[in-house]
Amino acid sequence: MGLRARLLRYAAGRPRPLVVAVPGFTGVRLAVEADLRRRGWRPALAPAEADLLIVCGRPGPDLARAIDTVWDQMPSPRARADAPTASDVPSALDAASAHLADEPAQLEDAAQRASYTPETSMDHSTMDHGDMDHGDMDHSAMGHGDMDHGAMGHEGHESMDHEAMGHESMGHEAMGHEGHGGHGGHGGGHDHHMMGAPHGLAMADRAPDRDGLKLDVLHVPFGPVLADWPAGLKVTFTLQGDVVQAAEVEHLAGDAGAGRFWDGTNVVAARLDALARLLAVAGWTGQAAQARVLRDQALDGKVEKARLEKFVRRTRRSRTLRWMLQDVGLGETNAWTRASGWLAEIGGETRPDTSAATPPLGELLVGLDVAAARLLVAALDPDTEGAVAEHV
Amino acid sequence: MSESLLVLPLLVAVLTVAAAAFDAVLGASAAGVPGAWRAWDAPLRETARLLVRQRRSTLAADRLLRRAGVLVLPVAAVLAAAVLPLGGARAASDMSVGIVWFNAMEVAVWAGVWLAGWGVNSAYPLVGGYRMIAQGLAYELPHMFALITVAVGAESLRFSDVVTAQHDLWFAVQMPVAFLVYLLSALAMAFWGPMSSPVGADLAGGAAAELSGADRLVFSAGRHAMLAVAAAAAVPLFLGGGAGPLLPAWLWALLKTLAVLAVLVWTAHRLPVLRMDRFMTFAWTALIPATLLQLLVTGLVAL
């Protein structure tokens, strides 16, 4: 056995899975999380980090397309585990680990991948853009054909209006730039701004930000494949720097069939699940892991009382957490009061008044930076469970 | 120059693996993994995994900047370690401006993270890079005042003089505020734990989100190495270097380093990540005055 095969085998003992939650299949996600914990596999945060893609349930057509894009972006060696039901989880993960250790299969997969171009030192394709020297560049996995740059080499036009590039949205790419307005007054010849659409991408638009500075505008999708994020939710942020200028909310559905998982019979477990996401987004990894352990105990109906109380006490007492959450506003409440309400329910105290209406997610997000926006989504915990694809 | 120049990268590597292994065990234990101690080999498996992995290429990435940024991390860590006295042994380079050199290497890490975040041409890493710069603006001034306090107390910028000056009383006791601020900035140097927003989970890994294969390995190793070196520097700066009863100086220095490192790694599991807009206010309104006051007190004592 060669060195590479040995390394593959050794590494396959502890792969880094990217877990994709699908609306309507919460039970499968919980089974996956419990199984990963049993195996000691630490979940990955991004496709580049992951070597194993776990799909928890049956996604609807749009979500399936997004998942396929993420699968395409994962560097080899890679494995995919689709678990339509909770009982499929152990065997699917075993098979995926075995596939990761299988050197011939991985080599074949890597050779056959048409859409993914791994970086190689030979890849020095220098494109001819007239006078402009773009240096070396790589084309990534996203299938941009070479655009006709010659057509854009006009001199001194006032406004070039490139269409937004129709990238399939994919959770982790930030390239859906829109038009590229008014370059006034190029003093003849080629200017750096004149490169039009380098690499087939329109340049980022610019607009004044909240401080009156001209800043690039990026359209960045968050979700639907994102760790500690509501299943099937996709929010496209319009970002300047890291400040959200606008947010467009979409729901990608799961395939029909599964019933509602959190049906009100197990409030403690449901709140622990939401709290685990919030704590993970807040970066308190240890406490988030605790919340997941307790959640699974609560679902089995054998929660350790002392451990639960310690968890509630420690979370509630954390000044740092309160400091980070209390300025994240949810209409009349804020993220900290929301979390405190969940903690009260978990601790078995009287259910707090949750009747306060919250404005729509897209409005709440405007003006926040990305860190606060992520906390807000986790604290709001929008119910995406009901989204079900209509069968065509 | 001495033989410590050869030993140094090896020492840094050992501490790096130790930090990563301890972190993995703590993580597994918090997650309730049965037999959590068995996770100690997670960094080795992760290394194997990344060695056989393809690199990820993003569209229109600036490969040179990305590679430079990634490579800066381990290089800066080893160069920063070069001025640290290794217990009884001399530092690889005991230069007269050792504290300034150490600080310069640590600021090079900002550049590394920023370049790596910018170079891949993707929004998540770019925002991670922004956060690193914001974090630098927040922690660097209190951190520099803490280091200046040490230099004033020792009346020298040379690490070996700093150790000698603590013959009677450790600086951790003499200047507790500076010590606490240093521990906080040790986390910030390695963007670790509460200061890890540049590679935050809320950004799918931030500046490191698009790194795969060898790039990710070097980035991650460099980050752990920086944490280890920051912990090792706390020993000559505040904890009396190799001073201690019975045991030889090098062993004391090693034990103290491991203790500080363990505290830093443990903190990551016990605290949420600080949002930079919130921490910035705290750093400028509370930490800077506190460190200035500490500097004033130390200055009066030194007079």
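Criteria and cut-off values
- Residues numbered from 1 in each chain as written.
- Chains lettered and ligands numbered in written order.
- Predicted model: local features only at pLDDT ≥ 70, side-chain atom pairs only at ≥ 80, totals over all residues.
- Heavy atoms only, no water.
- UniProt positions renumbered as here; feature names shortened; annotations may be inferred.
- Helix = DSSP H or I, 4+ residues; strand = E, 2+ residues; numbered from the N terminus.
- Rg over C-alpha atoms; globule rule 2.2 N^0.38 Å.
- Buried < 20%, exposed > 50% of the residue type's maximum accessible area, 1.4 Å probe, protein only.
- Contact = heavy atoms within 4.5 Å.
- Areas by Shrake-Rupley, 256 points an atom, 1.4 Å probe, with all protein chains shown as cover.
- Pairing = 2+ DSSP bridges.
- Axes fitted to C-alpha atoms, helices over the stretch in contact; angles between N-to-C directions.

- An unreviewed UniProt entry lists chain B under the name NADH-quinone oxidoreductase subunit H, with Actinomadura harenae as the source organism.
- UniProt annotates chain B under Sequence similarities (unreviewed entry) with the comment "Belongs to the complex I subunit 1 family."

### Some words on the overall build of chain B
Stage number 1. Scanning chain B for helices and strands turns up 11 helices and zero strands.
Stage number 2. N-terminal to C-terminal, the α/β element order of chain B is α-α-α-α-α-α-α-α-α-α-α.
Stage number 3. Computed over the C-alpha atoms, the radius of gyration of chain B is 19 Å, within 12% of the 19 Å expected from 2.2 N^0.38 for a compact globule of 303 residues.
Stage number 4. On the principal axes, the C-alpha backbone points of chain B span a range of 60 × 40 × 40 Å.
Stage number 5. Across the 303 residues that make up chain B, the buried fraction comes to 58%.

### Looking at the overall build of chain A
Stage number 1. The helix and strand tally for chain A stands at 12 helices and nine strands.
Stage number 2. Buried residues in chain A amount to 53% of all 392 residues.
Stage number 3. Considering only contacts in chain A between residues 6 or more positions apart, those separated by 24 or more positions represent 67%.
Stage number 4. Element-wise, carbon and sulfur atoms account for 50% of the exposed surface of chain A, whose accessible area totals about 17,200 Å².

### Quick word on the sheet that holds strand 3 (residues 79–83) of chain A
Residues and elements named next belong to chain A.
Stage number 1. Taken together, three strands build an open sheet; the order of strands is 1-2-3 and the sheet is parallel. Of all strands in the sheet, those with a lone pairing partner are strand 1 (17–21) and strand 3, marking the two edges. Direction aside, neighbouring strands of the sheet carry axes that sit 15 degrees apart on average.
Stage number 2. Pairing between strand 1 and strand 2 (residues 52–56): five bridges, direction parallel. Bridging across to strand 2, valine 20 finds its partner in valine 55.
Stage number 3. With respect to the sheet, helix 4 (residues 89–101) is in contact with strand 2 and strand 3, its orientation differing from that of strand 3 by roughly 170 degrees.

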